[in-house]
Amino acid sequence: MTQIQKILFEYQDKKYGDFSAKLIPTLPRENFIGVRTPCYKTIIGQIKELPPAELQAFLKNLPHQYHEENCLHIALINKIKNYEECLAELKHFLPYINNWAVSDGLNPPVLKKNKEKLLPEINKWICDDAPFTKRVGMLLLMKYFLNDDFKSEYLELPAKIRSEEYYVNMMTAWLFAEALVKQWDSALPFIQNKKLAAWTHNKAIQKACESFRITPEKKEFLRTLKI
């Protein structure tokens, strides 16, 4: 057992491990230690006291054994303040992301501050064959590119996705639901013209209709567009 694994096991809550395993049914129960999210801040503080070589070994030696190691890895990437370093660490880790909870924990402030550089990387990830790399690409697109500097062309690549992967299709639907909330006039034609896969199309409408940020009138209209 590595020193970092020992630290994680100090915060083990087996009942929470059971709960986490039910939320992530794609992983076997033995992959979960059971560490509650608020504990990671304290754990990162403890890791800083370790020899630098221990942390570097943790970041480089992949795949990890436990889900919580992956969660910790994402939390460490989120704290990197240099864009090039953050991007390099993320690219190294992307092929080893194996569930939605890890991918959706990604949110490094330095990436948001370098959106122009990041966009070509996002487009590559959206086109990647690995489902959670694809999900990360759409997640970052949703988080960083649906606001004032939005362009309707940003939605073209996600709209072309045809996948058998549930977590890819759900992310695509989530992205378009958010686009309908924030960029109604640009996103609506993708729904009206049925540019999404049928399941994703209907799920995007469902998720948009569940949002309190869309008016009842718009929700009523969206429901008429279901396939």
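See the structure above.
On a predicted model such as this, the values are computed, not experimentally measured, just so you know. (Residues numbered from 1 in each chain as written. Predicted model: local features only at pLDDT ≥ 70, side-chain atom pairs only at ≥ 80, totals over all residues. Heavy atoms only, no water.)

**Comments concerning the overall build of the protein**
Consideration 1: Secondary structure assignment for the protein yields 15 helices and zero strands.
Consideration 2: Compactness check: the protein gives a C-alpha radius of gyration of 19 Å against a globular reference of 17 Å for 227 residues, within 12% of the reference.
Consideration 3: Taken over the C-alpha atoms alone, the protein extends approximately 55 × 40 × 30 Å along its principal axes.
Consideration 4: Nonlocal contacts in the protein, meaning residues at least 24 apart in sequence, comprise 68% of its contacts between residues at least 6 apart.
Consideration 5: Accessible surface, the protein: about 11,800 Å² in total, of which carbon and sulfur atoms supply 51%. (Helix = DSSP H or I, 4+ residues; strand = E, 2+ residues; numbered from the N terminus. Rg over C-alpha atoms; globule rule 2.2 N^0.38 Å. Contact = heavy atoms within 4.5 Å. Areas by Shrake-Rupley, 256 points an atom, 1.4 Å probe, with all protein chains shown as cover.)

**Details of a positive patch on the surface**
Consideration 1: A grouping of Lys41, Lys48, Lys79, Lys81 and Lys113 is seen on the molecular surface, where their side chains present a positively charged patch.
Consideration 2: Its location among the elements puts lysine 48 in the loop between helix H3 (39-47) and helix H4 (52-60). (Patch = residues over 30% accessible without salt bridge, like charges linked within 9 Å, V, L, I, M, F, W, Y side chains within 5 Å. Salt bridge = Lys/Arg side-chain N within 4 Å of Asp/Glu carboxyl O. Lys, Arg positive; Asp, Glu negative; His and termini not counted. Charge placed at Lys NZ, Arg CZ, Asp CG, Glu CD.)

**Details of the packing of aromatic side chains**
Consideration 1: Overall, the coordinates contain eight aromatic pairs when judged by the stated rule.
Consideration 2: A centroid spacing of 5.0 Å and a plane angle of 85 degrees characterise the contact between tyrosine 166 and tyrosine 167, whose relative ring orientation is edge-to-face.
Consideration 3: On the accessibility criterion, tyrosine 166 (44% relative accessible area) is partly exposed.
Consideration 4: When the ring of phenylalanine 176 is compared with that of phenylalanine 190, the centres are 5.6 Å apart and the planes differ by 55 degrees; the resulting orientation is tilted. With phenylalanine 176 in helix H12 (residues 166-182) and phenylalanine 190 in helix H13 (residues 184-192), the pair connects residues that are 14 residues apart, well separated along the chain.
Consideration 5: Owing to a relative accessible area of 4%, phenylalanine 190 belongs among the buried residues under this scheme.
Consideration 6: Members of the aromatic cluster, connected to one another through ring pairs, are Phe132, Tyr166, Tyr167 and Trp199.
Consideration 7: The residue whose ring lies beneath lysine 115 is phenylalanine 145, and the NZ or CZ to ring-centre distance is 5.5 Å.
Consideration 8: It is lysine 195 that lies over the ring of phenylalanine 190; its NZ or CZ is 4.9 Å from the centre. (Phe/Tyr/Trp six-rings, centres within 6.5 Å; stacked < 30°, edge-to-face > 60°. Buried < 20%, exposed > 50% of the residue type's maximum accessible area, 1.4 Å probe, protein only. Lys NZ or Arg CZ within 6 Å of the ring centre and 35° of its normal.)

**What to know about the side chain of histidine 64**
Consideration 1: Relative to the helices and strands, histidine 64 is located in the loop between H4 and helix H5 (67-78).
Consideration 2: Filtering out sequence-adjacent residues up to four positions away, histidine 64 remains in contact with Phe58, Glu69, Asn70, His73 and Phe93.

**A few points about helix H1 (residues 3-10)**
Consideration 1: For H1, the complete set of buried residues consists of Ile4, Gln5, Ile7 and Leu8. Buried residues of H1 fall within an arc of 155 degrees about the axis and therefore sit on the same side.
Consideration 2: Buried residues in H1 make contact with H3, H4 and H5. (Arc of directions from axis to C-beta.)

**Remarks on the packing of H4 against H5**
Consideration 1: Relative orientation of the contacting elements H4 and H5 amounts to 110 degrees, with a least axis distance of 10 Å. One finds that H4 runs roughly perpendicular with respect to H5. Considering only the axes of H4 and H5, their crossing is left-handed. On H5, the residues touching Leu55, Phe58 and Leu59 of H4 are Glu69, Leu72, His73 and Leu76.
Consideration 2: Class assignment for the residues of the contact of H4 with H5 results in five nonpolar, one polar and one charged. (Axes fitted to C-alpha atoms, helices over the stretch in contact; angles between N-to-C directions. Parallel < 35°, antiparallel > 145°, perpendicular 65-115°, else oblique. Left-handed = near helix turned anticlockwise from the far one by under 90°. Nonpolar A, V, L, I, M, F, W, Y, C, P; charged D, E, K, R; others polar.)

**Some details on the packing of H3 against H5**
Consideration 1: Relative orientation of the contacting elements H3 and H5 amounts to 75 degrees, with a least axis distance of 11 Å. The orientation of H3 relative to H5 falls into the category roughly perpendicular. Contact with H3, carried on its side by Tyr40, Ile43, Ile44 and Ile47, involves Glu68, Cys71, Leu72, Ala75 and Leu76 of H5 and no other residues of that element.
Consideration 2: Class assignment of the residues belonging to the contact of H3 with H5 gives a composition of eight nonpolar, no polar and one charged.

**Quick notes on the pattern of salt bridges**
Consideration 1: Under the counting rule described, the total for this entry stands at seven salt bridges.
Consideration 2: The salt bridge partner of arginine 29 is aspartate 18, with a shortest N-O separation of 2.7 Å. One end of the pair, arginine 29, is in the loop between helix H2 (14-23) and H3; the other, aspartate 18, is in helix H2, and eleven residues separate them in sequence.
Consideration 3: We classify aspartate 18 as partly exposed; its relative accessible area is 38%.
Consideration 4: Salt-bridge contacts for lysine 60 lead to glutamate 89; the nearest nitrogen and oxygen are separated by 3.4 Å. A residue pair is termed long-range when its members are at least 10 positions apart, and lysine 60 in helix H4 and glutamate 89 in helix H6 (residues 83-93) qualify at 29 residues.
Consideration 5: Overall, the relative accessible area of 8% leaves glutamate 89 in the buried class.

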